[in-house]
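# Report on the structure
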Amino acid sequence: MAEKKKTVVIVCSKGTLDMAYPPLFIASTAAAMDMAVHPYFTFWRMDIITKGKMDSLKLASVGNPSMPMPNIFGILPGMTALATKMMKGQIKKSKTPTIGELIKVSKENGVNFHACEPNMEMTGQTKEDLIPEVDDVIGVATYLDLAAEADLSLFI
Amino acid sequence: MAEKKKTVVIVCSKGTLDMAYPPLFIASTAAAMDMAVHPYFTFWRMDIITKGKMDSLKLASVGNPSMPMPNIFGILPGMTALATKMMKGQIKKSKTPTIGELIKVSKENGVNFHACEPNMEMTGQTKEDLIPEVDDVIGVATYLDLAAEADLSLFI
Amino acid sequence: MAEKKKTVVIVCSKGTLDMAYPPLFIASTAAAMDMAVHPYFTFWRMDIITKGKMDSLKLASVGNPSMPMPNIFGILPGMTALATKMMKGQIKKSKTPTIGELIKVSKENGVNFHACEPNMEMTGQTKEDLIPEVDDVIGVATYLDLAAEADLSLFI
C-alpha cells in the first residue's frame with residue numbers, strides 16, 4: 001500500500017448513553033474503511049471504558065448521570081430508568097448494536113483506545129480499572145500530537 | 001478561479017434551540033465566503049430538517065426536548081415554553097434571523113444539506129418527511145469521506 | 001525556527017463549569033508545546049471571559065446556568081450550589097488549577113483569546129465588560145479564516 005492511511009482522532013467527552021453512540025459509530029465505520037482511528041476517552045466519558053460500568057450507562061434526559069452527586073431523579077425516582085429502558089428498546093428493535101458490541105467490532109478492526117491520564121489522576125483510577133480493550137493511558141500533549149497531524153479531529 | 005474552494009463539514013447533533021444556531025451561523029457565513037459547506041444532520045438534530053418541526057424547536061434549559069419521553073417539564077408545566085419564549089423574544093429584539101431564515105439564506109448560497117441514513121432507519125423516517133432543502137440522505141462512510149478531505153470539520 | 005508553528009483553533013461554547021475545563025486544558029497544553037492557540041469564546045461561553053463572572057461559574061447537573069431564566073433549581077434550592085461545591089472540592093484536592101489560573105498561564109504562554117462579536121451585539125456587551133486577557137472581538141468570518149487554515153480545529 002503506497003498511500004498513507006487516513007487518521008481520525010476523536011475526543012469522547014459526554015457522559016450519557018445517547019452521546020456514547022456518536023463517537024463509536026464514527027470510530028467503527030472509519031476503522032472498517034481502513035482508517036487509523038484514535039478515540040480518546042476523557043472528562044465525563046471514562047465510564048465507557050471502565051470495567052463494569054459499560055452496561056449501566058444511562059440515558060439521562062436531565063443532567064449527567066456519571067457524576068457522583070445528588071440528582072433531580074433522586075426526587076423523581078424511575079425517570080432515568082424509564083428513559084434508558086425506552087432508548088434500549090428502540091436500539092434493540094432497530095438492531096442497533098450495543099456499546100459493548102461497537103467496542104468489540106472497533107477493536108477487531110484496529111481502533112486504538114486511549115484513556116486520559118490527568119482524568120485518571122483526578123479520580124484515582126488505575127489502568128486495572130479499565131476494560132482490556134484500552135491500549136494505553138495518555139496525556140493531553142500526546143493527544144495534541146496525534147490530533148494536529150490527523151486528517152479528521154473531532155471533539156464529541 | 002484557479003484556487004480550490006475551502007470545504008467545511010459540520011455534524012449537527014444537539015437537539016435544542018440554543019444549539020441549533022451555532023452550526024447554521026457557521027454554515028451560512030462560510031457559504032457567503034464562497035466556501036463549500038456540508039452540514040450533516042444526525043442523532044438528536046434531525047428535527048431541524050423535518051417538515052413541520054422547525055417552528056416548534058424549543059429551548060430547553062433542562063434535558064433534550066426532541067426525545068419522545070417523559071420530561072421533568074411535564075411536572076413543571078410552562079417552564080420550557082417560558083424559556084423558549086424568552087429566547088425567541090431576544091432573537092427578535094436583536095434582529096437575529098430565525099432558523100428557517102438561516103436555512104433559506106444558506107441554501108441560496110449553495111450549502112449542501114445532508115440527512116443521516118442510519119438515524120432515519122432507526123426512527124422509520126423517509127426522505128418525504130424531510131424539508132425540500134435537504135439534498136440527500138447519506139451514511140457515516142460518505143460523511144467520513146467528506147470530513148477527512150475537508151479544510152474544517154466540526155462536531156456540534 | 002524554520003518550521004511553521006502548529007495552529008489550534010477552539011470554539012468554546014458550553015456554559016457550565018465542567019465544560020469550561022476541556023478547552024482551557026487543551027489551550028494551555030498546546031501553548032506550552034509552542035503551538036499558536038486561538039480559543040474563540042461564543043454562545044453560552046462568554047461568561048468565562050466576562051469580568052466578575054469567572055468565579056461564579058457553576059456546575060449544573062441540570063440545564064444551563066448562564067442563561068438568565070427560571071430554572072428548576074429555583075424550586076430545589078441548594079442543588080446547584082451543592083454540586084458546584086463538590087466539584088470545586090475535588091478540583092482543590094487533586095490540585096487541578098482553577099479556571100482563572102488556567103487563563104493566566106495560557107496568556108503567559110501566548111494564547112490569543114477571542115470574543116464573539118455577534119454574541120456581544122445580541123446581549124449588548126462591550127469590550128469593557130470583558131477581562132483584560134481578551135485580545136480582540138471577532139466575527140464568524142474571521143473565525144472561519146483562522147479555523148480553515150488551522151492544523152487542529154475543535155468545537156467544544
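Just so it is clear, the model here is predicted, and its values are computed rather than measured. (Residues numbered from 1 in each chain as written. Chains lettered and ligands numbered in written order. Predicted model: local features only at pLDDT ≥ 70, side-chain atom pairs only at ≥ 80, totals over all residues. Heavy atoms only, no water.)

From N to C terminus, chain A includes six helices and five strands. The N-to-C order of helical and strand elements in chain A reads β-α-β-α-α-α-β-α-β-α-β. Summed over its atoms, the accessible surface of chain A is roughly 6800 Å², and 56% of this surface lies on carbon and sulfur atoms. (Helix = DSSP H or I, 4+ residues; strand = E, 2+ residues; numbered from the N terminus. Areas by Shrake-Rupley, 256 points an atom, 1.4 Å probe, with all protein chains shown as cover.)

All names here are of chain B. On the basis of which strands lie adjacent, the open sheet formed by five strands has the order β4-β3-β2-β1-β5 and parallel pairing. The sheet is open, and its two borders are formed by β4 (134-138) and β5 (152-155), each paired with just one other strand. Looking at each pair of strands side by side, their axes are set apart by 20 degrees on average, direction ignored. Across four bridges, the pairing between strand β1 (residues 7-12) and β5 is parallel. Note on β5: the bridge partner recorded for I10 is L154. (Pairing = 2+ DSSP bridges. Axes fitted to C-alpha atoms, helices over the stretch in contact; angles between N-to-C directions.)

Each regular strand displays side chains that alternate between the two surfaces of the sheet. All names here are of chain C. Pairing of strand β3 (residues 113-116) with strand β4 (residues 134-138) involves four bridges; the strand directions are parallel. The partner of H114 across the bridge, within β4, is D136. With respect to chirality, the unit in which β3 leads through helix α5 (residues 117-123) into the neighbouring parallel β4 is right-handed. (Right-handed = clockwise from strand over helix to strand, strands pointing away.)

This next bit is on the side chain of T7 of chain B. Residues and elements named next belong to chain B. Along the chain, T7 falls in strand β1. In this structure T7 comes out as buried when scored by relative accessible area, which is 14%. Not counting chain neighbours up to four residues away, the residues in contact with T7 comprise A36, H38, A150, D151 and L152. (Buried < 20%, exposed > 50% of the residue type's maximum accessible area, 1.4 Å probe, protein only. Contact = heavy atoms within 4.5 Å.)

What follows deals with the sheet that holds β4 of chain C. Strand pairing in a sheet takes place through backbone hydrogen bonds and is either antiparallel or parallel in direction. Residues and elements named next belong to chain C. The strand order β4-β3-β2-β1-β5 describes an open sheet built from five strands, whose pairing is parallel. Two strands lie at the open edges of the sheet, namely β4 and β5 (152-155), each paired on one side alone. In this sheet, adjacent strand axes meet at a mean angle of 20 degrees when their direction is disregarded.

A few words on the state of the cysteines. This model, assessed by the stated rule, comprises zero disulfides over all chains. Left without a disulfide partner, C12 of chain A is nearest to the cysteine sulfur of C116 of chain A, which lies 11 Å away. (Disulfide = S-S within 2.5 Å.)

Structurally, the position occupied by T142 of chain C is in helix α6 (residues 140-149). Residue classification places T142 of chain C among the partly exposed positions, given a relative accessible area of 39%.

We now examine helix α4 (residues 99-108) of chain A. Residue and element names in this part refer to chain A. Within the span of α4, buried status applies to I99, L102, I103 and S106. The buried residues of α4 all sit within an arc of 100 degrees when viewed along its axis, so they share a single face. Exposed residues pointing more than 90 degrees away from the buried face of α4 are listed as K104 and E108. (Arc of directions from axis to C-beta.)

We now examine α6 of chain C. Those residues of α6 of chain C lying buried are V140, Y143, L144, A147 and A148 of chain C. Viewed along the axis of α6 of chain C, the buried residues span an arc of 120 degrees, placing them on a single side of the element.

Scanning all chains against the criterion turns up 15 salt bridges over all chains. Between K5 of chain A and D34 of chain A there is a salt bridge, with the nearest N and O atoms lying 3.4 Å from each other. One end of the pair, K5 of chain A, is in the segment before β1 (7-12); the other, D34 of chain A, is in the loop between α1 (17-32) and β2 (36-41), and 29 residues separate them in sequence. A salt bridge links K104 of chain C to E108 of chain C, with the shortest nitrogen-to-oxygen separation between them at 3.2 Å. Here K104 of chain C and its partner E108 of chain C are both found in helix α4 (residues 99-108), four residues apart, which amounts to about one turn of the helix. The two residues K104 of chain C and E108 of chain C agree in class, both being exposed. (Salt bridge = Lys/Arg side-chain N within 4 Å of Asp/Glu carboxyl O.)

A separate point is the nonpolar core. Ranked by size, the top nonpolar core spans 129 residues in total, and within it I26 and Y143 of chain A, I26 and Y143 of chain B together with I26 and Y143 of chain C carry the most contacts. Not counting residues within four places of it along the chain, the set of residues in contact with I26 of chain C comprises V140, Y143, L144 and F155 of chain A together with I10, L154 and I156 of chain C. (Core = buried A, V, L, I, M, F, W, Y, C linked by side-chain atoms within 4.5 Å.)

Take K14 of chain C: it is sitting in the loop between β1 (7-12) and α1 (17-32). In this structure, the C-alpha to C-alpha distance between K14 of chain C and K4 of chain C, residues ten residues apart in sequence, is 31 Å.

This brings us to the side chain of S28 of chain B. Take S28 of chain B: it is sitting in helix α1 (residues 17-32). What S28 of chain B contacts, discounting residues up to four positions off in sequence, is L102, V105 and S106 of chain B.

Attention shifts here to the packing of aromatic side chains. All names here are of chain C. Following the criterion strictly, the structure yields nine aromatic pairs over all chains and no others. Between Y40 and Y143, the aromatic rings sit 5.3 Å apart at their centres with planes inclined by 15 degrees, giving stacked as the arrangement. On the criterion of sequence distance, the pair formed by Y40 in strand β2 (residues 36-41) and Y143 in helix α6 is long-range, its members being 103 residues apart. Just as Y40 is buried, Y143 falls in that class too. (Phe/Tyr/Trp six-rings, centres within 6.5 Å; stacked < 30°, edge-to-face > 60°.)

A few words on the confidence of the model for chain A. All names here are of chain A. Per-residue confidence for chain A gives a mean pLDDT of 77; residues scoring 70 or more make up 68%. For chain A, helix α2 (residues 72-75) is the element with the lowest average pLDDT, namely 32, and strand β5 (residues 152-155) is the one with the highest, namely 97. Segment residues 59-80: pLDDT under 50, and 59 contacts once partners within four positions in sequence are set aside and those in other chains are kept. Both scores are available for the predicted complex, with the pTM at 0.79 and the ipTM at 0.77. (pLDDT = per-residue confidence, 0-100.)

The next subject is the environment of I138 of chain C. You can see I138 of chain C is positioned in strand β4. Along the sequence, I138 of chain C and C116 of chain C sit 22 residues apart, while their C-alpha atoms lie 5.5 Å from each other.

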